[in-house]
Amino acid sequence: QVQLVESGGGLVQAGVSLRLSCSASGLTFSTYAMGWFRQPPGKEREFVAAISRTVSTNYADSVKGRFTISRDNTKNTVYLQMYSLKPEDAAVYYCAAVYTGSRTATFNIDSQYNYWGQGTQVTVSS
């Protein structure tokens, strides 16, 4: 059974940093692309960042230069390091996984993903 569990969310002040983690189990982690999405209050879920099995990365324009996605295949974990947090970054952040096997692709659409975590809330105060 595939399970994704996010952690690291919380209430922080604008301008500080926060790192989210997502631990995966029940899958061959190295064959999956991993992504982060977020859903601000009252808004639709949006793409944040993704990392492929070859460790290529893709970011939403709104977070490029401030957020960094990484993965550790030995720990079956993907991270989202967030710098210079802004109030508009406040959202529930979701970890997602999609099987890619050996093919090369980009995954920045939520419908592309097969598995999802429960989400972790990030609140940013001004």
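Please refer to the structure placed before this passage.
Since the structure is predicted, the reported quantities are computational estimates derived from the model, not experimental observations.

**Comments concerning the overall build of the protein chain**
Thinking step 1. Counting its regular elements, the protein chain contains zero helices and 11 strands.
Thinking step 2. For the protein chain, the sequential pattern of α-helices and β-strands runs β-β-β-β-β-β-β-β-β-β-β.
Thinking step 3. Each of the three principal axes of the protein chain carries a C-alpha extent, and together these read 45 × 25 × 25 Å.
Thinking step 4. A burial count over the protein chain gives 45% of its 126 residues as buried.
Thinking step 5. The long-range fraction of contacts in the protein chain, counting pairs at least 24 apart against all pairs at least 6 apart in sequence, stands at 60%.
Thinking step 6. Surface accessibility of the protein chain: about 6300 Å² in total, with carbon and sulfur atoms responsible for 45%.
Thinking step 7. Charge separation in the protein chain, taken as the distance between the mean sites of 11 positive and 8 negative side-chain charges, equals 6 Å.

**Focus on the pattern of salt bridges**
Thinking step 1. Counting across every chain of the model gives five salt bridges.
Thinking step 2. Between Glu46 and Arg38 there is a salt bridge; the shortest N-O distance is 2.6 Å.
Thinking step 3. A relative accessible area of 30% means that Glu46 is categorised as partly exposed.
Thinking step 4. The salt bridge partner of Asp110 is Arg45, with a shortest N-O separation of 3.5 Å. One end of the pair, Asp110, is in the loop between strand 9 (91-99) and strand 10 (115-116); the other, Arg45, is in the loop between strand 4 (32-39) and strand 5 (46-51), with 65 residues separating them in the sequence.
Thinking step 5. On the accessibility criterion, Arg45 (33% relative accessible area) is partly exposed.

**Details of the sheet that holds strand 1 (residues 3-7)**
Thinking step 1. Strands sit in the order 1-3-8-7 across an open sheet of four strands; the sheet is antiparallel. Strand pairing shows two members of the sheet lacking a second neighbour, strand 1 and strand 7 (67-72), which therefore form its edges. Adjacent strand axes in the sheet meet at a mean angle of 15°, parallel and antiparallel pairs treated alike.
Thinking step 2. Pairing analysis gives six bridges linking strand 7 to strand 8 (residues 77-82), with the strands arranged antiparallel. Within strand 8, the position partnered with Arg71 by the bridge is Val78.

**Details of the state of the cysteines**
Thinking step 1. Counted according to the given criterion, the structure contains one disulfide.
Thinking step 2. What pairs with Cys22 in a disulfide is Cys95, and their sulfur atoms sit 2.1 Å apart. Here the disulfide of Cys22 and Cys95 is left-handed, its torsion about the S-S bond being about -80°. Here Cys22, found in strand 3 (residues 18-25), pairs with Cys95, found in strand 9; they are 73 residues apart in sequence, far enough to count as distant. Cys95 shares its class with Cys22; the two are buried.

The rules we used
Residues numbered from 1 in each chain as written. Predicted model: local features only at pLDDT ≥ 70, side-chain atom pairs only at ≥ 80, totals over all residues. Heavy atoms only, no water. Helix = DSSP H or I, 4+ residues; strand = E, 2+ residues; numbered from the N terminus. Buried < 20%, exposed > 50% of the residue type's maximum accessible area, 1.4 Å probe, protein only. Contact = heavy atoms within 4.5 Å. Areas by Shrake-Rupley, 256 points an atom, 1.4 Å probe, with all protein chains shown as cover. Lys, Arg positive; Asp, Glu negative; His and termini not counted. Charge placed at Lys NZ, Arg CZ, Asp CG, Glu CD. Salt bridge = Lys/Arg side-chain N within 4 Å of Asp/Glu carboxyl O. Pairing = 2+ DSSP bridges. Axes fitted to C-alpha atoms, helices over the stretch in contact; angles between N-to-C directions. Disulfide = S-S within 2.5 Å.

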